[in-house]
Amino acid sequence: DAGVTQSPTHLIKTRGQQVTLRCSPKSGHDTVSWYQQALGQGPQFIFQYYEEEERQRGNFPDRFSGHQFPNYSSELNVNALLLGDSALYLCASSLERFNSPLHFGNGTRLTVT
Amino acid sequence: AQSVAQPEDQVNVAEGNPLTVKCTYSVSGNPYLFWYVQYPNRGLQFLLKYITGDNLVKGSYGFEAEFNKSQTSFHLKKPSALVSDSALYFCAVSLGAGSYQLTFGKGTKLSVIP
């Protein structure tokens, strides 16, 4: 049973560029959340997708956008990259319940130069 | 607004000794509380959660946590530490119904010394 898979594992981009990160949820899960984890910090909630719609959003600018596909996989897009966007981006899947534990992927390490 | 504080950046404990990793929270309502563990270059793994009911919650790998409403704390404990428990531990809080956002603490690095 595959867990949450994310691609790519590492990515280097230049300021001002755009990036797309991908996530496949754990089998049976229908909800996908994205988190940003800066070095030495806890993960910060970006947004959550359910039924192909953004259900809740954290305190991130509109440069951060996402999408969920009918097969529940998801993409995170970041436009106009800033140096401060360098971080580990974590995808987490879960069942559609408030107390359903999150299952995290290993993340995508994004470096902006 | 909701927040989580993990007052210790690092906790060192000898193998076989009991361990405690501290967490306090602040929410305007009844909290849903979680503990996750992160190994190097990996994502987070769920350990346990408190939603309602018994204040002592048992989770994976022999870990447990005690919910204390008056002290707004949710400390993680284990009776006998293993070297393999060495990792980064995160406490998280959610407002539960109506909120899908988990707010994480900054993490506590646990080192178990052989």
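To start, this report covers the structure provided alongside it.

Here is what the cut-offs are and how they apply
Numbering of residues starts from 1 in every chain and runs along the sequence as written. Each chain is given a letter, starting from A, and each ligand a number, starting from 1, according to the order in which they appear as written. Two thresholds apply to this predicted model, a pLDDT of at least 70 for residue-level local features and 80 or more for giving and counting side-chain atom pairs, whereas whole-chain, interface and lining totals are computed over all residues. As a rule here, side-chain values come from all non-hydrogen atoms in the structure, and water together with hydrogens is ignored. To qualify as a helix, a DSSP run of H or I must reach at least 4 residues; to qualify as a strand, a run of E must reach at least 2; elements of each kind are numbered from the N terminus. Only C-alpha atoms enter the radius of gyration; for comparison, a globular chain is expected to reach 2.2 Å times N to the power 0.38, where N is the number of residues. To sort residues, take the accessible area from a 1.4 Å probe on protein chains only and compare it with the maximum for the residue type: under 20% means buried, over 50% means exposed, and anything in between is partly exposed. A contact between two residues is defined here by any heavy atoms of the two lying within 4.5 Å. Methods summary: accessible areas were calculated by the Shrake-Rupley approach with a probe of 1.4 Å, and residue burial reflects only the protein chains presented. By the counting scheme adopted, Arg and Lys are positive, Glu and Asp are negative, and His together with the chain ends is not counted. Just so you know, the charge point we use is NZ for Lys, CZ for Arg, CG for Asp and CD for Glu. Two parts placed together each lose some accessible area under a 1.4 Å probe, and the buried area is that loss summed for both. Each reported salt bridge corresponds to a side-chain nitrogen of Lys or Arg within 4 Å of a carboxyl oxygen of Asp or Glu. Polar contact criterion, stated in full: a pair of N or O atoms within 3.5 Å, where within protein one must be able to donate a hydrogen and the other to accept it, and residues adjacent in sequence count only if both atoms are side-chain atoms. Between 30 and 60 degrees the pair is tilted, below 30 it is stacked and above 60 it is edge-to-face, where a pair is any two Phe, Tyr or Trp rings, Trp via its six-membered ring, whose centres lie within 6.5 Å. Whether a charge lies above a ring is judged from NZ of Lys or CZ of Arg, which has to be within 6 Å of the ring centre and within 35 degrees of the ring normal. Disulfide: a pair of cysteine sulfur atoms within 2.5 Å of each other.

A short note on the overall build of chain A
Part 1 of the argument: Looking only at helices and strands, chain A has 0 helices and 11 strands in total.
Part 2 of the argument: Listing the helices and strands of chain A from first to last along the sequence gives β-β-β-β-β-β-β-β-β-β-β.
Part 3 of the argument: Taking 13 Å as the expected radius of gyration for a compact globule of 113 residues, we find that chain A reaches 13 Å, a close match to that expectation.
Part 4 of the argument: Seen along its three principal axes, the alpha-carbon backbone of chain A occupies a region of about 40 × 25 × 25 Å.
Part 5 of the argument: Looking at chain A as a whole, 49% of its 113 residues are labelled buried.
Part 6 of the argument: The long-range share in chain A, meaning contacts at least 24 apart out of those at least 6 apart in sequence, stands at 53%.
Part 7 of the argument: Carbon and sulfur atoms provide 47% of the accessible area of chain A, an area that totals close to 5400 Å².
Part 8 of the argument: For chain A, the separation between the mean place of its 9 positive charges and that of its 10 negative charges on side chains is 10 Å.

Quick notes on the environment of Ser65 of chain A
Residues and elements named next belong to chain A.
Part 1 of the argument: Among the structural elements, Ser65 can be located in strand 7 (residues 64–68).
Part 2 of the argument: The exposure class assigned to Ser65 is partly exposed, which follows from its relative accessible area of 27%.
Part 3 of the argument: Considering only alpha carbons, one finds Ser65 and Glu51, 14 residues apart in sequence, at a separation of 16 Å.
Part 4 of the argument: Sequence-distant contacts of Ser65, defined by excluding residues within four places in its chain, comprise Phe47, Tyr49, Glu75, Leu76 and Asn77.

Digging into the interface of chain B and chain A
Part 1 of the argument: Counting residues at the interface gives 22 residues for chain B and 21 residues for chain A.
Part 2 of the argument: Summed over both partners, the interface of chain B with chain A buries about 1900 Å², with 56% contributed by carbon and sulfur atoms.
Part 3 of the argument: Three residues, Leu44, Tyr100 and Gln101 of chain B, lead the burial of chain B against chain A; their summed loss comes to 34% of the area buried on that side.
Part 4 of the argument: Viewed at the interface, chain A and chain B are joined by 0 salt bridges.
Part 5 of the argument: Where chain B packs against chain A, one counts 7 residue pairs in polar contact (both at pLDDT 80 or more).
Part 6 of the argument: Of all the secondary structure elements, the ones that give two or more residues to the side of chain B that touches chain A are strand 5 (32–38) and strand 6 (44–50) of chain B.
Part 7 of the argument: Of all the elements, strand 5 of chain B adds the most residues to the side of chain B that touches chain A, at 4 residues.

What to know about the packing of aromatic side chains
Part 1 of the argument: If you walk through the whole model with that rule in mind, you get 15 aromatic pairs over all chains.
Part 2 of the argument: Taken together, a centroid distance of 5.3 Å and an interplanar angle of 85° make the contact between Phe47 of chain A and Tyr49 of chain A edge-to-face. Neither Phe47 of chain A nor Tyr49 of chain A differs from the other in exposure class; each is buried.
Part 3 of the argument: Among the aromatic residues, ring-to-ring pairing joins Tyr35, Phe45 and Phe104 of chain A together with Phe34, Tyr36, Phe46, Phe90 and Phe104 of chain B into one connected group.
Part 4 of the argument: A cation sits over an aromatic face here: Arg55 of chain A above Tyr100 of chain B, 3.4 Å from the ring centre.
Part 5 of the argument: Against the face of Phe63 of chain B rests Lys78 of chain B, its NZ or CZ located 5.0 Å from the ring centre.

Some words on the state of the cysteines
Residue and element names in this part refer to chain B.
Part 1 of the argument: Tallied over the entire structure, the rule returns 2 disulfides over all chains.
Part 2 of the argument: A sulfur-sulfur distance of 2.0 Å marks the disulfide that ties Cys23 to Cys91. On the S-S bond that ties Cys23 to Cys91, the torsion sits near -60°, and the link is left-handed. A residue pair is termed long-range when its members are at least 10 positions apart, and Cys23 in the loop between strand 3 (19–21) and strand 4 (24–26) and Cys91 in strand 10 (residues 87–94) qualify at 68 residues.
Part 3 of the argument: With relative accessibility at 0%, the residue Cys23 sits in the buried group.
Part 4 of the argument: Here Cys91 falls in the buried class, since its relative accessible area comes to 0%.

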